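Here is how the chains run, residue by residue.
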Amino acid sequence: FTDVAYKKISLLGQLRFLDLCGAQNLTDQGLSCITKCNNLSSLNLTWCVRVTDEGVIAIAEGCSSLEFLSLFGITGVTDKSLEALSRCCSTTITTLDVNGCIGIKRRSREELLQLFPHLRCFKVHS
């Protein structure tokens, strides 16, 4: 896919589930197009290695209904993304995978539940 294709995905306003696992050409610009899918509840960005905090923050702000988010293997994501997700999606996120996101610091279970009170599954560095 190219950013043009992601712009077309943005036309699917009622989209709830999107799996972009391995979309290595997905950029923050392409990801920001997807924020128009504000009913999105599940987003898999595993191995989308060109994504950074900028794209994840845009998703957090535009897709506040997210319940599942995988950022597995994205090294350009830091605590800034986690803070934005907590600010915008804390009442909905139940599953968050940040395994391999070396820019996100380890947190205790209590700290995570303060950020995401409905969290049931949090995958971290292995």
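Remember, it's a predicted structure, so these values are computed and weren't measured experimentally.

### Looking at the side chain of Thr 27
- Looking at where Thr 27 falls in the secondary structure, it is placed in the loop between strand E1 (17-19) and helix H2 (28-33).
- When sequence neighbours within four positions are dropped, the list of residues in contact with Thr 27 reads Asp 3 and Arg 50.

### Thoughts on the nonpolar core
- Within the largest apolar cluster, 38 residues are counted, with the highest numbers of intra-cluster contacts made by Leu 20, Leu 45, Leu 71, Leu 85 and Leu 96.
- Other than its neighbours up to four places away in sequence, Leu 71 contacts Leu 45, Val 56, Val 77, Leu 85, Asp 97, Val 98, Asn 99 and Cys 101.

### Notes on helix H4 (residues 79-89)
- For H4, the full list of buried residues reads Asp 79, Ser 81, Leu 82, Ala 84, Leu 85, Ser 86 and Cys 89.
- Where H4 is buried, its residues meet helix H3 (53-62), strand E3 (68-70), strand E4 (95-97) and helix H5 (109-115).

### Quick notes on unusual backbone geometry
- The backbone of Trp 47 sits at a positive phi, close to 60 degrees, despite the residue not being glycine.
- Mapped onto the secondary structure, Trp 47 falls in the loop between strand E2 (42-44) and H3.

### A short note on the pattern of salt bridges
- Here the structure, examined in full by the defined rule, presents one salt bridge.
- The partner of Asp 79 in a salt bridge is Arg 107, and the shortest N-O contact between them spans 3.0 Å. With Asp 79 in helix H4 and Arg 107 in the loop between E4 and H5, the pair connects residues that are 28 residues apart, well separated along the chain.
- In this structure Asp 79 comes out as buried when scored by relative accessible area, which is 18%.

### Describing H3
- Among all positions in H3, only Asp 53, Gly 55, Val 56, Ile 59 and Ala 60 are buried. Mapping the buried residues of H3 onto a view down its axis gives an arc of 165 degrees, with all of them on the same face. Opposite the packed face of H3, turned more than 90 degrees from it, sit the exposed residues Glu 54 and Glu 61.
- The elements touched by buried residues of H3 are H2, E2 and H4.

What counts and what doesn't
Residues numbered from 1 in each chain as written. Predicted model: local features only at pLDDT ≥ 70, side-chain atom pairs only at ≥ 80, totals over all residues. Heavy atoms only, no water. Helix = DSSP H or I, 4+ residues; strand = E, 2+ residues; numbered from the N terminus. Contact = heavy atoms within 4.5 Å. Core = buried A, V, L, I, M, F, W, Y, C linked by side-chain atoms within 4.5 Å. Buried < 20%, exposed > 50% of the residue type's maximum accessible area, 1.4 Å probe, protein only. Salt bridge = Lys/Arg side-chain N within 4 Å of Asp/Glu carboxyl O. Arc of directions from axis to C-beta.

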